[in-house]
Amino acid sequence: MAAYIWPTSLPNSPGTDYTETGGVRVLRTSTDAGVPKMRYIGRNSQTISVSYVMTNEQVATLKEFVEETIMGVSPFEFTHPRTKETVNVRIVPSGDGEFFTMSWMAKEYWSVSMKMEAMP
Amino acid sequence: MSRLATLSPAALRAMFAQHADDTLITLVTITGDEISNPIRLADNYTHRFEYLSDTEMTVTDLSTKEASVYTFADTDTVIKDAVVSQPEEIFYGVIATTPRLFLPFAITLPTEEPEASSVCQIKMYDVTRMLIPTIRSITEAPSVLIELVLMSTPNNVEAEFPGFLLGGITYNRDEITAQLTVESDVSEPFPAYCFTPSYFPSEF
């Protein structure tokens, strides 16, 4: 398993806007006529979109974890929100290295959203 | 003889069936005098490789989720260096007789024009810079062996294309592009001597 672990001080139950994808990698070739051909080519990562309510201290912990511990790229152990199994995930950056987005909710409370990929 | 004649029925089915649950994986082996141990790569993956110790790694079959311990052999230098030097990382690859690291690459076949030289191009997406140190150190073109295997039977080589040389290598921060050439007598000058006044003065 991965060497890093999602910090225990950070929340693990995402909000109601949680989404998850499933599937495998396939090649799909369109044809001039008829049904496209499809070929299985392997396992794929599953994308998990989560958002958490975090305090100022938790945001600081997340920021240090992403920027200093995993340096944005290393996988880490994470409890899957649906299956409750431990899986290896990476945070998927959007744009040019934006790993999470914080929105103000209330005094000292933030809504932090991010996209993760569960490694096959 | 057509290459199709050497392929197994399962490989043909994987290539041409309307719905195929198997696929061909391209294996590339790079060897040379300046490369101490073969660099074994695959363009797809069936297993996950994780660091266990400096002499072993955990290999997990992605289909069955079964994990086993693999002890590095003496010739596994490249994959051992990758896994041991980054124990926090997860690697992917294929167990085809020996373990092979997954590195996305694309091979462009030569054109079919009769007067065109038989030059393929290979583009490797080396984002983690696994190959760049080796590429920088070599001064002679290494040999390349290309093999095709089925994902379900990676130990059974369906087709092999030996004798390529890796030349014309260029790279940037995430891609290595090189030409795969075959030494051919057809492209050599013949005859060896030119009919010049110095060689054949009586001709002039």
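For clarity, every value in this text was computed on a predicted model and none was experimentally measured. (Residues numbered from 1 in each chain as written. Chains lettered and ligands numbered in written order. Predicted model: local features only at pLDDT ≥ 70, side-chain atom pairs only at ≥ 80, totals over all residues. Heavy atoms only, no water.)

1. Description of empty space enclosed by the protein
All names here are of chain B.
In step 1: This model, assessed by the stated rule, comprises 2 cavities of 30 Å³ or more.
In step 2: What lines the largest cavity is simply Pro38, Arg40, Thr75, Asp76, Thr77, Val78, Ile79, Pro99, Arg100 and Leu101.
In step 3: Elements with a minimum of two residues in the lining of the largest cavity: β3 (35–42), α2 (77–85) and β8 (98–102).
In step 4: Of the residues assigned to the lining of the largest cavity, the class counts are 5 nonpolar, 2 polar and 3 charged.
In step 5: Here the second largest cavity defines a volume of roughly 40 Å³.
In step 6: Together, Ile30, Ile35, Ile39, Met124, Leu131, Thr134, Ile135, Ile138, Pro142 and Leu166 line the second largest cavity.
In step 7: At the level of elements, β3 and α3 (132–137) are the ones that each hand at least two residues to the lining of the second largest cavity.
In step 8: Of the residues in the lining of the second largest cavity, the class split is 9 nonpolar, 1 polar and no charged. (1 Å grid on protein atoms, 1.4 Å probe; cavity = no way out; pocket = protein on both sides within 12 Å on 5 of 7 lines; lining within 4 Å. Points joined across faces, edges and corners; volume = space filled by probe spheres on them. Helix = DSSP H or I, 4+ residues; strand = E, 2+ residues; numbered from the N terminus. Nonpolar A, V, L, I, M, F, W, Y, C, P; charged D, E, K, R; others polar.)

2. Overview of the interface of chain B and chain A
In step 1: Each partner contributes to the interface: chain B provides 21 residues, whereas chain A provides 20 residues.
In step 2: Across the chain B/chain A interface, buried area totals approximately 1800 Å², and carbon plus sulfur atoms make up 45% of it.
In step 3: Counting every contact that joins chain B to chain A gives 13 residue pairs in polar contact (both at pLDDT 80 or more).
In step 4: Where the side of chain B that touches chain A is concerned, the elements lending two or more residues are α1 (9–16), β1 (19–20), β4 (47–51) and β7 (90–96) of chain B.
In step 5: Taken together, the residues of the side of chain B that touches chain A break down into 10 nonpolar, 5 polar and 6 charged.
In step 6: Note: strand β4 (residues 37–43) of chain A against β1(B), 2 bridges, orientation parallel. Note that in β1(B) the partner of Arg39(A) across the bridge is Ala20(B). (Contact = heavy atoms within 4.5 Å. Buried area = accessible area lost by both parts, 1.4 Å probe. Polar contact = N/O pair within 3.5 Å; in protein donor to acceptor, adjacent residues only side chain to side chain. Pairing = 2+ DSSP bridges.)

3. Topic: the side chain of Ser8(B)
All names here are of chain B.
In step 1: Tracing the sequence through the fold places Ser8 in the segment before α1.
In step 2: A relative accessible area of 19% places Ser8 in the buried class.
In step 3: There is a polar contact of 2.8 Å between the side chain of Ser8 and the side chain of Glu158.
In step 4: With sequence-adjacent residues up to four places away left out, Ser8 is seen in contact with Leu150 and Glu158. (Buried < 20%, exposed > 50% of the residue type's maximum accessible area, 1.4 Å probe, protein only.)

4. A word on the layout of surface pockets
In step 1: Estimated volume of the largest pocket: approximately 970 Å³.
In step 2: Of all the secondary-structure elements, those providing two or more residues to the lining of the largest pocket are β7 (86–91) of chain A together with β7 and β8 of chain B.
In step 3: With 3 residues, the single largest contributor to the lining of the largest pocket is β7(B).
In step 4: Of the residues contributing to the lining of the largest pocket, the split by class is 19 nonpolar, 5 polar and 5 charged.
In step 5: Its boundaries defined by the atoms lining it, the second largest pocket holds a volume of some 510 Å³.
In step 6: Taken together, 25 residues form the lining of the second largest pocket, with Val87(A), Met119(A), Pro120(A), Arg48(B) and Lys65(B) sitting closest to its centre.
In step 7: In the lining of the second largest pocket, the residues fall into 9 nonpolar, 9 polar and 7 charged.

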